[in-house]
Amino acid sequence: MSKNKILDPNRRQDLEIIASLIKKGDRVLDLGCGDGLFLRDLQQNHGASILGVEIDQDSIVRCVGNGVPVIQGDLNDDLDYLPDKSFDLAVLSHTLQETRRPDLLLKDIVRIGKFAAVSVINFGHWRCRLQVSCSGRMPRSSQMPFQWYDTPNIHFCTLQDFRELCHALGIKIVAEYPIAAKFPKLTGYFPNLFATSCVFVLEEEK
Amino acid sequence: MKIDTQNNIDVPFLTTPQDFKLPAPLQLECGRVLKEVNIRFETAGTLNADRSNAVLVTHALSGDAHVCGRHTPQDKKPGWWDEMIGPGKMVDTNKYFVICSNVIGGCSGSTGPQSIDPDTGKPYNMTFPVITVADMVRAQKQLVDHLGIKKLLAVLGGSMGGMQVLQWAVSYPDMMQAVIPIATACQFSPQNIAFDWVAREAIKADPNWNGGEYTEETVPARGLAAARMLAHITYLSEESMSRKFGRSLQNKAEDNSYEYDFDFDFAVESYLQHQGKRFVERFDANSYFYITRATDYFDLTASSGGDLAKALEKVKAAFLIVSFSSDWLFPTCQSKRIVDALLKNNKEVSFCEITSAYGHDAFLLEVNTLGRMVRDFLNHQQEAYHE
């Protein structure tokens, strides 16, 4: 997949990128899988074998309704019930910023999956920078519609912050797929400034 | 009640108890052999042509084969899981063939301590052999064979019924597509065993029990009622008791004052008394010994040196495991233990802890959330059955 491909803005682009990574027969784990529709798509259209982890009871009931195997679990807890390298790909999409200890979760996710696909919202996007520097207020956008005091997103980072954390944790970044609705070329050169989010493919350093 | 839309009248959904005599004596885990075993069972719905729509429901300690519907249109009460199972219900008998049998050792039609010992011509009473959950399941397996079913769509049950479900998955891995163990555990906890002990002590302390040799006129009613009251408390939660009774008094005098005696004064006391009394009318004290003992001995890990993952290595069924947040008799951590062991083996498993204030009893009361999951899970497993 080209790094600069412009994707359908009506679909969650990170999910489209992650789906494109799946090979037939891959075992895929989605941490924070919601109603399980993304996993169901991976199963039906990409031939993956799937499992979701979700905390919300209503979402779990919907997963079962969608025929998606799901385990109730809190991503802030230890995930040691998921064995080492028991999945080909462990997915964490737009969720890292909601967790209490993103560092611990990242270590866990590369332990569980042979590879991990983590999509990260970029706080270093030029709009965010502009909002802070010009209006003097915390940034808000369609991806981050909350006020600072009621947001579930408690751990924001820039793409550069994320890379540095991976480096510090001994996690190898196998690939980066920056996502932007505008300026594809610039995004390719300066993702930390122009990408609204990014899918990182990660692997435990051997 | 099923509504007949064409005639617009209430048509009760009727079920009929049936009996199946095992063709040969049943070898038991304790080493003894049980002769001339009868299995009381009921079915609802119709077995389809390729016999792929059979759902076996396993009952809890005080349950029986009468899982849904009514025996006669005049019956006041339907079967014990009628809210869940029946035409158009969550487990839809228009779609599935539901089977439920009374466990051996029970007192509702299947061979148990009240049955006549063919060797002596007298009731077994306490000479009945000690049975286990695996024995119960071995007897049920013969019933399923007898009904001509090679592979069940699912085995489904809560509490002691859930233990049978787990035992089924381990003993006969090729005989079902899916299992749904609800509010249960892979082994009885020391706390569970302790409650059973006290319950049996209460029965023993009743002079009428007489080592199990009592007649219809001299049943150990007080002992059995006390055992039931104790057990009943374990089925509720602190929250559900507070909500249901609070500290309200039984005889609401004008001034709402205490009686200052030891008769029942509080509403919760009179409720328990009533539960105990009702139980004595339908349950046999000796049976209570045998069934509670079977649950005490239940431990799926016994044959694998305490290693649950190893015990579950050969299971093939897809699992839907459900626990309830306020259930302290079979707390969520015990369900999670099963989930973890299945994940270790790379088995298909779904798990949900349903938020409920009803305690252990929630498995019979949370019909909406539990029912929706069971309905949808069965639906998807029926598709998978043919793949």
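Above this text sits the structure in question.
Quick caveat, the model's predicted, so the values are computed rather than measured.

### Here we look at the packing of helix H3 (residues 57-65) of chain A against helix H11 (residues 367-385) of chain B
Turning to step 1, where the next piece is worked out: Contact geometry of H3(A) with H11(B) gives a least axis separation of 8 Å together with a crossing angle of 25°. As judged from the angle between their axes, H3(A) and H11(B) are roughly parallel. Contacts between H3(A) and H11(B) involve A:Val61, A:Val64 and A:Gly65 from the former and B:Thr369, B:Arg372, B:Met373, B:Asp376 and B:Phe377 from the latter.
Turning to step 2, where the next piece is worked out: A class-by-class count of the residues in the contact of H3(A) with H11(B) yields four nonpolar, two polar and two charged.

### Comments concerning helix H7 (residues 285-297) of chain B
Every α-helix winds through 3.6 residues per turn, so residues three or four apart in the chain are directed the same way.
All names here are of chain B.
Turning to step 1, where the next piece is worked out: The end-to-end C-alpha distance of H7 is 19 Å, a good match for the 18 Å that 13 residues give at a rise of 1.5 Å each.
Turning to step 2, where the next piece is worked out: If you check which residues of H7 are buried, you get Ala285, Asn286, Ser287, Tyr288, Phe289, Tyr290, Ile291, Thr292, Ala294 and Thr295.
Turning to step 3, where the next piece is worked out: The secondary structure elements touched by the buried residues of H7 are helix H1 (133-146), helix H2 (160-171), helix H3 (190-204) and helix H4 (221-235).

### Comments concerning the environment of B:Arg375
Residues and elements named next belong to chain B.
Turning to step 1, where the next piece is worked out: For Arg375, the location among the structural elements is in helix H11.
Turning to step 2, where the next piece is worked out: Arg375 sits 291 residues away from Met84 along the chain, and the two C-alpha atoms are 9.5 Å apart.
Turning to step 3, where the next piece is worked out: Setting aside chain neighbours within four positions, we find Arg375 in contact with Met90 and Val91.

### Concerning the packing of H3(B) against H7(B)
Residues and elements named next belong to chain B.
Turning to step 1, where the next piece is worked out: At a minimum axis distance of 10 Å, the contact between H3 and H7 shows a crossing angle of 165°. If you check the angle between H3 and H7, you find them roughly antiparallel. For the crossing formed where H3 meets H7, the hand is left-handed. Facing Ile193, Asp196, Ala199, Arg200 and Ile203 of H3, the residues of H7 in contact are Ala285, Tyr288, Phe289, Thr292, Thr295 and Asp296.
Turning to step 2, where the next piece is worked out: Split by residue class, the contact of H3 with H7 holds six nonpolar, two polar and three charged.

### As for the interface of chain B and chain A
Bring the parts together and some accessible area is lost; that lost area is often taken as the interface size.
Turning to step 1, where the next piece is worked out: The partner chain A presents 14 residues to the 19 residues of chain B that form the contact.
Turning to step 2, where the next piece is worked out: Broken down by secondary-structure element, the contributors of at least two residues to the side of chain B that touches chain A are helix H9 (332-344), strand E16 (349-354) and H11 of chain B.
Turning to step 3, where the next piece is worked out: Across the side of chain B that touches chain A, the residue classes tally to eight nonpolar, five polar and six charged.

### Examining the nonpolar core
Residues and elements named next belong to chain B.
Turning to step 1, where the next piece is worked out: Of all hydrophobic cores here, the largest spans 169 residues; its most connected members are Val55, Val98, Ala154 and Val179.
Turning to step 2, where the next piece is worked out: Counting the residues that make up this core, at least three belong to each of domain 1 (2-187 + 300-385) and domain 2 (194-291).
Turning to step 3, where the next piece is worked out: Setting aside residues up to four positions removed in sequence, Val98 forms contacts with Thr43, Ala44, Gly45, Val55, Val57, Val67, Cys68, Ile85, Val91 and Thr93.

### A few points about the environment of B:Met241
Residue and element names in this part refer to chain B.
Turning to step 1, where the next piece is worked out: With respect to the helices and strands, the residue Met241 is situated in helix H5 (residues 238-244).
Turning to step 2, where the next piece is worked out: Note on Met241: 15 C-beta atoms within 10 Å, which makes it partly exposed.
Turning to step 3, where the next piece is worked out: As for Met241 and Tyr358, which are separated by 117 residues in sequence, their C-alpha atoms are 8.7 Å apart.
Turning to step 4, where the next piece is worked out: In this structure, Met241 is in contact with Leu236 and Val268, ignoring residues within four places of it in sequence.

What counts as what
- Residues numbered from 1 in each chain as written.
- Chains lettered and ligands numbered in written order.
- Predicted model: local features only at pLDDT ≥ 70, side-chain atom pairs only at ≥ 80, totals over all residues.
- Axes fitted to C-alpha atoms, helices over the stretch in contact; angles between N-to-C directions.
- Helix = DSSP H or I, 4+ residues; strand = E, 2+ residues; numbered from the N terminus.
- Parallel < 35°, antiparallel > 145°, perpendicular 65-115°, else oblique.
- Contact = placed C-beta atoms within 7 Å.
- Nonpolar A, V, L, I, M, F, W, Y, C, P; charged D, E, K, R; others polar.
- Expected span 1.5 Å × (residues − 1).
- Buried ≥ 20, exposed ≤ 12 C-beta atoms within 10 Å, placed from the backbone.
- Left-handed = near helix turned anticlockwise from the far one by under 90°.
- Core = buried A, V, L, I, M, F, W, Y, C linked by C-beta atoms within 7 Å.
- Domains from an automatic or database assignment.

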